[in-house]
Amino acid sequence: MLEKKIVKVGFVGAGWMGSVQMKRIVDHPDAEIVALFETNTQRGEEVLESLGLSKDLLVDSFDKIINNPDVDAVWLVSPNSFHGPQSIAALEAGKHVFCEKPCATKFDDFCRQIQLAEEKPELKTFVDYLINFDTMEHNLKNMIKAGDFGKITQIQINYRHPVNIAGDKVWKLSREIMGDAIGMGIIHSLSTMVTLMSPQAKPVGVYATNLESQVRGFEVEPIYNILIKFDNGATGFCFGNIDSSNGYDAYHNISGTEGGFIFDSQTDRTHKVRYYSNKTTDGKWIWPLDREKCKSEGVEELCWPDDTTTPDSGNVVEHQTDRCVAHFIECVKDNKRSFLDFRHSSIVAEIGWAAQISAATGKEVALPLDKAEAKKFFDAQ
Ligand SMILES: NC(=O)c1ccc[n+]([C@@H]2O[C@H](COP(=O)([O-])OP(=O)(O)OC[C@H]3O[C@@H](n4cnc5c(N)ncnc54)[C@H](O)[C@@H]3O)[C@@H](O)[C@H]2O)c1
């Protein structure tokens, strides 16, 4: 009988997000946590215990994760500044890598990650741009792909969410540890935008402005306005703000030659989504999360299932972590590249680097990035 392949995970960082992902791994039939590195020993032991795992899984150095021959995949949910160095060390040690966003806070680390991923294609990598796993995004992507909205000419996706800095998450105010505000959260909307526009169009330029902290004492500029030029002539726009917002604003507003789509994360469920398409709704707006309205307007077949998920919560417990965890485990087990692996998703990180350069220089930055020029810019920071 063939032995069932279990993906053995060396987990790093059992904090707010880490503990939720550890639970998802424990619940997954094809994965197992074989070691945990968590600098706060007491927390590490408590999380292991709460999941019914042995406290002996806790190790006292990151090296003991990457040098453990039992570990297939290193799972990084440590604070941002560790993602680059830890993922590089893990790839060098021959491990698959699940990496929380941002993939790196230093431009040199980002370049090295891509280089290693290219040199070692047998190792699977992943950056956790989680919004991609909401079923609403999946439905929207399918509609765009089917041409329901025609050629997309304008796409806005916001990310306004006062990121959690409570208690020991205060490191998120620090430039050194957090990196920049785009990587801290705004990058979610950039990733979603790139996924939705692909393969119709790809980004070719970025112009951005930013603003210093107004409310909560971030060392970096937590407010960004990012304009993206696509090669089909479309423009993407993101209002990003991790400093202040009333709730979680991942507003989408997409306009194409044959239709349009609007998602308002901050209103009641039945009104959150509306769209029209000359091809599928006869040009009339419909509300696919409102079953009664769909019924009364004779479009019940276009109504979305009740379990459709939408990106409208900043609480990691409500995020689609079960789906992203299952996706990465499947990639490792089935030897498949993720659509969010280091190489595929590098354009998203590039938009982030380009937006920082643009905001500082006041100029548009072309994509793909001129890496030598970008390196000069970041070396001088
Ligand atoms: N994809 C998402 O939607 C999402 C949501 C929340 C957080 N995150 C990401 O998850 C990561 C963790 O965020 P959080 O909110 O859980 O923070 P957190 O502070 O609650 O957790 C971080 C944990 O890492 C531990 N740690 C510190 N230094 C370490 C090191 N060198 N090696 C290993 N562990 C170390 C800390 O003790 C802490 O327990 C961040 O990178 C954040 O961007 C992603």
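Residues numbered from 1 in each chain as written. Predicted model: local features only at pLDDT ≥ 70, side-chain atom pairs only at ≥ 80, totals over all residues. Heavy atoms only, no water.

Caption draft 1: Summary view of the pairing of strand 14 (residues 273-277). Side chains V273, Y275 and S277 project from strand 14 onto a buried face, and the interleaved R274 and Y276 project onto a face without burial. Pairing geometry for strand 13 (residues 259-263) and strand 14, over five bridges, is antiparallel. Counterpart to G259 in the pairing with strand 14 is S277. (Buried < 20%, exposed > 50% of the residue type's maximum accessible area, 1.4 Å probe, protein only. Helix = DSSP H or I, 4+ residues; strand = E, 2+ residues; numbered from the N terminus. Pairing = 2+ DSSP bridges.)

Caption draft 2: Quick peek at helix 6 (residues 135-145). If you check which residues of helix 6 are buried, you get M136, E137, N139, L140, K141, M143 and I144. Turning to helix 6, the residues buried within the fold contact strand 7 (152-157), helix 8 (181-197), strand 12 (252-256), strand 13 and strand 14. Among the residues trailing helix 6, G147 stands out with phi positive, at a value near 85°. (Contact = heavy atoms within 4.5 Å.)

Caption draft 3: Representation of helix 8. An ideal rise of 1.5 Å per residue puts 24 Å on 17 residues; helix 8 measures up with 23 Å between its terminal C-alpha atoms. Along helix 8, the sharpest kink reaches roughly 60°, centred on I187. (Expected span 1.5 Å × (residues − 1). Bend = angle between axes of the 7 residues up to and from the residue.)

Caption draft 4: Just the environment of G183, in detail. When you line up the elements, G183 lands in helix 8. Looking at G183, the relative accessible area reads 4%, which means it is buried. Between the alpha carbons of G183 and V348 there is a distance of 10.0 Å; along the sequence they are 165 residues apart. With near-sequence residues (within four places) excluded, G183 lies in contact with K101 and P102.

Caption draft 5: The sheet that holds strand 1 (residues 7-12), seen in detail. If you walk across this open sheet you meet the six strands as 3-2-1-4-5-6, and the pairing is parallel. Each edge of the open sheet is held by one strand with a lone partner, namely strand 3 (58-59) and strand 6 (125-127). Here strand 4 (residues 73-76) runs beside strand 5 (residues 96-99); their pairing, made up of four bridges, is parallel. For W75, the partnering residue across the bridge sits in strand 5 and is F98.

Caption draft 6: Layout of the nonpolar core. One finds W75, I226 and F261 to be the most contacted residues of the largest nonpolar core, which totals 121 residues. By residue number, the principal contributor to this core is helix 8, which donates ten residues. Each of domain 1 (7-130 + 318-348) and domain 2 (131-316) contributes no fewer than three residues to this core. Not counting chain neighbours up to four residues away, the residues in contact with I226 comprise I182, I186, L190, V206, Y207, A208, G236, F237, C238, I351 and A355. (Core = buried A, V, L, I, M, F, W, Y, C linked by side-chain atoms within 4.5 Å. Domains from an automatic or database assignment.)

Caption draft 7: Region of the structure containing the domain arrangement of the protein chain. Domain boundaries in the protein chain define domain 1 (7-130 + 318-348) and domain 2 (131-316). Taking only C-alpha atoms into account, the centre of domain 1 sits 26 Å from that of domain 2. Contact residues are listed per partner, giving 25 residues for domain 1 and 28 residues for domain 2. The junction of domain 1 with domain 2 conceals about 2500 Å² of combined surface from both sides, 61% of it contributed by carbon and sulfur atoms. When residues of domain 1 are sorted by the area they lose upon contact with domain 2, W16, E318 and V348 head the list and together hold 26% of the total. Put simply, domain 1 and domain 2 have one salt bridge between them. Linking E176 and K106 is a salt bridge whose minimum nitrogen-to-oxygen distance equals 3.8 Å. Our enumeration of links across domain 1 and domain 2 arrives at 15 residue pairs in polar contact (both at pLDDT 80 or more). Of all elements in the fold, only helix 1 (16-27), helix 4 (80-92), helix 10 (321-333) and helix 11 (346-361) reach the threshold of two or more residues within the side of domain 1 that touches domain 2. If one sorts the elements of the side of domain 1 that touches domain 2 by residue count, helix 10 sits on top with four residues. Taken together, the residues that form the side of domain 1 that touches domain 2 break down as 13 nonpolar, seven polar and five charged. (Buried area = accessible area lost by both parts, 1.4 Å probe. Salt bridge = Lys/Arg side-chain N within 4 Å of Asp/Glu carboxyl O. Polar contact = N/O pair within 3.5 Å; in protein donor to acceptor, adjacent residues only side chain to side chain. Nonpolar A, V, L, I, M, F, W, Y, C, P; charged D, E, K, R; others polar.)

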